[in-house]
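Remarks on the overall topology
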Amino acid sequence: MKRTAALLLAAASSLVAAGDSMEVPLAAAGDAQRGRDVFLQREQGHCVICHALSGMAPAGNVGPALDGVGGRLSAGQLRQRVVDITQVKPDAAMPAFRRSDGLNRVAAAYAGKSLLSAQQVEDVVAFLGSLK
Ligand code: HEC
């Protein structure tokens, strides 16, 4: 896919890591409690529209259930999937929640289109990491 190649090139030419894991935090250490709100709330991540998680309703089934995801994936892997899952799986149905950052210089159309702030990404990564 041409677009994916462009994304990978863009990521490689900036400080944003491409590939399976994004090791460098985007903001201050995440807060799992705030991340839970991001996960649940419509005006924030609204991840529950697609993902099931025990004890949370309503739960979608477009994406995989996220029970235990913090035991399966590292913080860097979780961060990569929330920021831009197409770097891991080009045809994923999940939107990139913070793709614009690494692409501002090469794809102006994406600028300002980020669905989550850098801090919200860290918060939701902290929340996911706590699901063990
Ligand atoms: C439009 C539906 C949709 C939304 C909204 C969505 N996801 Fe996803 N998510 C998916 C799908 C589909 C996959 C599986 C990707 C694939 O393999 O194709 C996925 C995969 C993941 C994975 C990797 C799971 C694993 O076991 O590998 C994580 C982590 C994740 N999502 C977190 C989130 C978070 C956090 C949010 C909210 C900020 C979110 N998702 C919002 C659809 C969605």
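Keep in mind that this is a model prediction, so the values were computed, not measured.

Some details on the overall build of the protein chain
Helix and strand content of the protein chain: six helices and zero strands. When the helices and strands of the protein chain are listed from N to C terminus, the series reads α-α-α-α-α-α. Here the protein chain holds 132 residues, and 39% of them are scored as buried. Within the protein chain, contacts between residues at least 6 apart in sequence are counted, and of these 58% link residues at least 24 apart. Carbon and sulfur atoms make up 59% of the accessible area of the protein chain, which totals about 7200 Å².

Re the pattern of salt bridges
Tallied over the full model, the rule gives three salt bridges. Residues Asp20 and Arg81 are paired through a salt bridge, measuring 2.6 Å at the closest nitrogen-oxygen approach. Separated by 61 residues along the polypeptide, Asp20 in the loop between α1 (2-12) and α2 (32-40) and Arg81 in helix α4 (residues 75-84) bring together distant segments of the chain. Note on Arg81: relative accessible area 18%, which makes it buried. With a closest N to O distance of 2.7 Å, Asp123 and Arg34 form a salt bridge. Here Arg34 lies in helix α2 and Asp123 lies in helix α6 (residues 118-129), a separation of 89 residues in the sequence. The exposure class of Asp123 is buried, given its relative accessible area of 3%.

With respect to α2
Within α2, burial applies to Gly35, Val38 and Phe39. The buried residues of α2 all sit within an arc of 100° when viewed along its axis, so they share a single face. Close packing links the buried residues of α2 with α6.

Notes on the site of the ligand
In the region of the ligand, 23 residues are neighbours, and Cys47, Cys50, His51, Lys89 and Met94 sit closest. Residue His51 places a side-chain N or O atom 2.8 Å away from a nitrogen atom belonging to the ligand. Note that an oxygen atom of the ligand is positioned 2.9 Å from one of the side-chain N or O atoms of Lys89. The greatest single-element share of the shell around the ligand, amounting to three residues, is contributed by α4. Residues belonging to the shell around the ligand are distributed by class as follows: 18 nonpolar, two polar and three charged.

Digging into the packing of aromatic side chains
Taken as a whole, this structure holds one aromatic pair when the rule is applied. Ring geometry for Phe39 and Phe127: centres 5.4 Å apart, planes at 55°, overall tilted. Of this pair, Phe39 sits in helix α2 while Phe127 is found in helix α6, placing the two residues 88 residues apart along the sequence.

Observations regarding the packing of α4 against α6
Each pair of packed helices can be summarised by the angle the axes make with each other and by the distance between the axes. Contact geometry for α4 and α6: axes closest at 9 Å, N-to-C directions at 130°. Regarding the angle of α4 to α6, the classification is oblique. Here α4 and α6 pass one another in a crossing that is right-handed. Mapping the contact onto sequence places Ala75, Leu78, Arg79, Val82 and Val83 in α4 and Val121, Glu122, Val124, Val125, Leu128 and Gly129 in α6. Here the contact of α4 with α6 is composed, by residue class, of eight nonpolar, one polar and two charged.

Here's the deal with the confidence of the model for the protein chain
Summarising the model, the protein chain shows a mean pLDDT of 81, and 76% of its residues fall at 70 or more. Predicted confidence for residues 102-107 stays below pLDDT 50, and this span has 10 contacts to residues more than four positions away or in other chains.

The rules we used
Residues numbered from 1 in each chain as written. Predicted model: local features only at pLDDT ≥ 70, side-chain atom pairs only at ≥ 80, totals over all residues. Heavy atoms only, no water. Helix = DSSP H or I, 4+ residues; strand = E, 2+ residues; numbered from the N terminus. Buried < 20%, exposed > 50% of the residue type's maximum accessible area, 1.4 Å probe, protein only. Contact = heavy atoms within 4.5 Å. Areas by Shrake-Rupley, 256 points an atom, 1.4 Å probe, with all protein chains shown as cover. Salt bridge = Lys/Arg side-chain N within 4 Å of Asp/Glu carboxyl O. Arc of directions from axis to C-beta. Near = heavy atom within 4 Å. Polar contact = N/O pair within 3.5 Å; in protein donor to acceptor, adjacent residues only side chain to side chain. Nonpolar A, V, L, I, M, F, W, Y, C, P; charged D, E, K, R; others polar. Phe/Tyr/Trp six-rings, centres within 6.5 Å; stacked < 30°, edge-to-face > 60°. Axes fitted to C-alpha atoms, helices over the stretch in contact; angles between N-to-C directions. Parallel < 35°, antiparallel > 145°, perpendicular 65-115°, else oblique. Left-handed = near helix turned anticlockwise from the far one by under 90°. pLDDT = per-residue confidence, 0-100.

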